[in-house]
Amino acid sequence: MSVNFALSEIATYLDAEIRGDSELRITGLSTLQDAGEGQLAFLANPKYAKQLSETHASAVILSADKAADFKGNCLIVKQPYLAYARISSWFETLTLEPAFVHPSAVIDSNALVSNDVYIGPNVVVEAHAQIASGCHVSANSYIGARSTLGINGYIAANVTIYHDVRIGEQVRIHSGCVIGADGFGIAPKPDGSWEKIHQIGGVTIGDDVEIGACTTIDRGALSDTKVGDGVKLDNHVQIAHNAVVGDHTAMASYSGLAGSATIGRHCIMGGDACIVGHVTVCDNVQLTARTLVTKSISEPGSYSSGSTPLMTTTEWRKNSVRIGQLDALARRVKKLEQ
Amino acid sequence: MSVNFALSEIATYLDAEIRGDSELRITGLSTLQDAGEGQLAFLANPKYAKQLSETHASAVILSADKAADFKGNCLIVKQPYLAYARISSWFETLTLEPAFVHPSAVIDSNALVSNDVYIGPNVVVEAHAQIASGCHVSANSYIGARSTLGINGYIAANVTIYHDVRIGEQVRIHSGCVIGADGFGIAPKPDGSWEKIHQIGGVTIGDDVEIGACTTIDRGALSDTKVGDGVKLDNHVQIAHNAVVGDHTAMASYSGLAGSATIGRHCIMGGDACIVGHVTVCDNVQLTARTLVTKSISEPGSYSSGSTPLMTTTEWRKNSVRIGQLDALARRVKKLEQ
Amino acid sequence: MSVNFALSEIATYLDAEIRGDSELRITGLSTLQDAGEGQLAFLANPKYAKQLSETHASAVILSADKAADFKGNCLIVKQPYLAYARISSWFETLTLEPAFVHPSAVIDSNALVSNDVYIGPNVVVEAHAQIASGCHVSANSYIGARSTLGINGYIAANVTIYHDVRIGEQVRIHSGCVIGADGFGIAPKPDGSWEKIHQIGGVTIGDDVEIGACTTIDRGALSDTKVGDGVKLDNHVQIAHNAVVGDHTAMASYSGLAGSATIGRHCIMGGDACIVGHVTVCDNVQLTARTLVTKSISEPGSYSSGSTPLMTTTEWRKNSVRIGQLDALARRVKKLEQ
């Protein structure tokens, strides 16, 4: 797993101005605080600027203004955080196996699997599924009937993809994910029991999507549930049937869309932020952690609800009980005003 | 996957009054908005009534009052949504395999597996487990020792059922589910560490239950955790040890019951609604999204807490900081009144 | 599965004073309410004290003060709940298989697997992984490259452990868990799309840790995500990249730490309690259910936010709408005071 690059190679890749020893060998990435011999660090967040003078990093990625006072080896770029992100791929520790189909994999004779893919042990690929060139499907994962995986897809171990799921190119899906399970469709019967609504739509996922561990994307009731290009989903996210996630939207852990909810392009949902069913959120909206969107949003901006200040439990009890008296309190104030 | 039914066949099944071309061939289901040639749509939600005049559906399921103005082929029923639910099963896209035990499945010689079941690749069935007639256990799932699965059960891929779990008839369990893991039982030790409480109860699940993806139902500490008949659970639901879910109760995504909590029959829990430990909720209760039930409920009805109005983050910050001052504000109002 | 111990054996193990028939055979554990012939119950919670006179338990674990009025067989200890926890291990229903490597397991020739371990069907162990003495790895689980599992570890079925994950001794990991998936690291690009930050750190987990079903612990961005000794995690917990969980901290269902959040030792997080990114919580803190920690906590104690009183939905609507008017209300009160 040892890697070793010249600082000059990295500079070229990042289109960075190099200052110092361009022949320096870089063997790892680290933070300013933790970096040691051979490691490249970066300064992106101004609050860590003071660590610059004390870092043991062999070189630092930073912006021109921060470089002025720095004596060490450095790579000067406009966006240090983005530069760090880009170079991080050179230090990836996940080793992708060469193309190979493990003999224990169970691949239906009607599946269409490219020659240059890796299919790990105990992977099951059902009839008419398609796995395109460059894909890596890890151990114990399941690809349902007629589902398609675009080029260079990465499916981690223990992933489940049901039938009729269309996945774009360069998509990464982490372990425990379930794509295409039945949406939660039930109709009440006169006797108070529930009739299942069979979920006959599928799921469509765009290109360059990444899906975190234990995230679920349900199949549509009639038409497809849709996840756009460049969408990034964290762990434990829930995308219900017929929800739509716009291109390049990012959703943090536990955030979710209820049935037929739509979120636009370039949005950010904080942790545990949820959108109720049949509601639409426009492009360029940020939802802070815990926000519950109960009505449509048509103006870009940042929206919130639900999260309240942190206090001691004793203080919280005193204050929260007042929430239940708030309407009465407001009426009392109105009376006083009169 | 192509299906094709005469409108008259569908009418008979739904006990519907048919109007128009009874020989019409129906090849799919869709919404009024998206339906095309050969497709059957439905009108259930009055807010979509205006789509009726513009639909390209070949036929529509609707109620008598809505049918009055409609010129196209239609099926007239009392409950269009329920009728749609019922007919949806005719268009299911999941193909159940014929009875077969895949040679890669590992079935203990002391397991009791009916002849007419499907056991997919890499399924593991432990000693004394029982799989009844008509069951379908998909690839890479695990059935623990002494656990029983009633007739016509459907277990999707990558499901885990621990030991001593009793599952009724016609139960569907989606991928990523874990039934019977240890409940969260720990006792504090004098040194501040925790002693594990071994969870020696099991899980009992009734008939006609459906369990969504990545949902967990823990085994009981001493006696069983219980899920009644006709219960419908969405994805990411958590049922803790010794919780009880009454018959025909539906729980949306992220909703949960803490240890020994009980919810009655015919209840509905909205997304992220949770009931704390040892609390009891009676029959016919609805809990709106995000509600936290901290005390028992003994009267049917709809209950709420926690979810607040949505606003811009700027507005929210101004208002939410006041929540921390609410007790003081109430006292100030009282003083003014005096 | 039938067990049978003399009451005297149990007394010795628990260092309990025995009163009554020391030769009594105990065949199971139960609650005071449900216990029958041959069963041992316990009285820990004072609210169940009245059940003592009516129990059909053959013997009861209780404290000296409660034993005074009790005529039956009993074991007198200082901490009945802890004593029950300790003896529960004698009644565990999970049968661990003897050491054996199932022939369907796929173990890389460069993996280091002790002789006395159980490796179930379809388990995959990648190159340079290490599985120490006494471990039990259940069916269909996956152990990534270079990951290590300390002695007497228990990995349930369908668990995923990525590469470079270091797990201590006596650790139990339940089904559906994903340890070491990529943290949610993305950097914005000028065009509004996201650049992936490759997650090159690992995960370090201490000794005596238990991890509930469907819980996720992400790998670090640069250095490791860390979970201390004796930590107990419930189901659906999320530990994001570079988060740190201190020794002997317990986290209930749906609780989570965002990226680089730190919680100290001996803390308790209630259900759905979350700590936002880069925030630090000190030792000996309790967070009640639903609390969102948005700033660091440096004093031990109990903290809360977010959870409000439960009321009918009608009442809630009236009150919650006032939350959006709270800042204005406070200003009005101020004006009245002037």
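Residues numbered from 1 in each chain as written. Chains lettered and ligands numbered in written order. Predicted model: local features only at pLDDT ≥ 70, side-chain atom pairs only at ≥ 80, totals over all residues. Heavy atoms only, no water.

### Thoughts on helix α3 (residues 80–88) of chain A
Thinking step 1. The buried fraction of α3(A) amounts to 7 of the 9 residues, a majority that puts the element mostly inside the structure.
Thinking step 2. On its buried face, α3(A) sits against α1 (7–14), β4 (28–29), β5 (39–42) and β6 (59–62) of chain A together with β22 (186–188) and β23 (194–196) of chain C. (Buried < 20%, exposed > 50% of the residue type's maximum accessible area, 1.4 Å probe, protein only. Helix = DSSP H or I, 4+ residues; strand = E, 2+ residues; numbered from the N terminus. Contact = heavy atoms within 4.5 Å.)

### Overview of the packing of aromatic side chains
How two aromatic rings sit relative to each other is given by the distance of their centres and the angle of their planes.
Thinking step 1. Applying the stated rule across the entire model yields 18 aromatic pairs over all chains.
Thinking step 2. Ring geometry for B:Phe42 and B:Tyr84: centres 3.9 Å apart, planes at 10°, overall stacked. Here B:Phe42, found in strand β5 (residues 39–42), pairs with B:Tyr84, found in helix α3 (residues 80–88); they are 42 residues apart in sequence, far enough to count as distant.
Thinking step 3. The exposure class of B:Tyr84 is buried, given its relative accessible area of 4%.
Thinking step 4. Among the aromatic side chains, those forming a connected cluster through ring pairs are A:Phe5, A:Tyr13, A:Trp90 and A:Phe91.
Thinking step 5. One Lys or Arg, B:Arg86, reaches over the ring of B:Tyr13 and ends 4.7 Å from the middle of that ring. (Phe/Tyr/Trp six-rings, centres within 6.5 Å; stacked < 30°, edge-to-face > 60°. Lys NZ or Arg CZ within 6 Å of the ring centre and 35° of its normal.)

### Thoughts on the interface of chain B and chain A
In many reports, interface size means the accessible area that the parts give up when they come together.
Thinking step 1. The interface is formed by 78 residues belonging to chain B together with 76 residues belonging to chain A.
Thinking step 2. Buried surface at the junction of chain B and chain A, summed over both partners, amounts to about 5,900 Å²; 60% is from carbon and sulfur atoms.
Thinking step 3. Summed over the three residues of chain B that lose the most area to chain A, namely B:Tyr254, B:Arg290 and B:Leu310, the buried surface amounts to 12% of that side.
Thinking step 4. The residue B:Arg290 makes a salt bridge to A:Asp272 at a minimum N-O spacing of 3.4 Å. (Buried area = accessible area lost by both parts, 1.4 Å probe. Salt bridge = Lys/Arg side-chain N within 4 Å of Asp/Glu carboxyl O.)

### Re the sheet that holds strand β29 (residues 238–239) of chain B
Residue and element names in this part refer to chain B.
Thinking step 1. What the 10 strands build is an open sheet, ordered β9-β12-β15-β18-β21-β26-β29-β32-β35-β38; its pairing is parallel. In the strand order of this sheet, the two ends are held by β9 (106–107) and β38 (292–293), each with one partner.
Thinking step 2. Pairing geometry for strand β26 (residues 216–217) and β29, over 2 bridges, is parallel. Directly across from isoleucine 217, in β29, lies its bridge partner isoleucine 239. (Pairing = 2+ DSSP bridges.)

### Topic: the relation of the copies chain C and chain A
Thinking step 1. Laying chain C over chain A is done by rotating through 120° and shifting 0.0 Å along the axis; what remains is an RMSD of 0.0 Å. What the superposition gives is, in effect, a three-fold axis relating one chain to the other. (Least-squares fit on C-alpha atoms with pLDDT ≥ 70 in both.)

### Re the domain arrangement of chain A
Thinking step 1. Here the domain parsing of chain A yields domain 1 (5–91) and domain 2 (312–338).
Thinking step 2. In this structure, domain 1 of chain A and domain 2 of chain A have C-alpha centres spaced 53 Å apart. (Domains from an automatic or database assignment.)

### Some thoughts on the interface of chain C and chain A
Thinking step 1. Between chain C and chain A, the contact holds 76 residues from the first and 77 residues from the second.
Thinking step 2. Of the roughly 5,900 Å² buried between chain C and chain A, counting both surfaces, carbon and sulfur atoms make up 60%.
Thinking step 3. Ranking the residues of chain C by area buried against chain A places C:Phe184, C:Trp194 and C:Leu222 at the top, with a combined share of 11%.
Thinking step 4. In this structure, the salt-bridge partner of C:Arg322 is A:Asp327, at a minimum N-O distance of 2.8 Å.
Thinking step 5. Inspection of the region where chain C meets chain A yields 39 residue pairs in polar contact (both at pLDDT 80 or more).
Thinking step 6. Put simply, the parts of the chain that give the side of chain C that touches chain A at least two residues each are β22, β23, β38 (292–293), β39 (301–304), α4 (313–323) and α5 (326–337) of chain C.
Thinking step 7. In terms of residue class, the side of chain C that touches chain A is built from 34 nonpolar, 26 polar and 16 charged.
Thinking step 8. Relative to β39(C), strand β40 (residues 311–312) of chain A runs antiparallel, the two sharing 2 bridges. Bridge pairing links A:Met311 to C:Ser304 in β39(C). (Polar contact = N/O pair within 3.5 Å; in protein donor to acceptor, adjacent residues only side chain to side chain. Nonpolar A, V, L, I, M, F, W, Y, C, P; charged D, E, K, R; others polar.)

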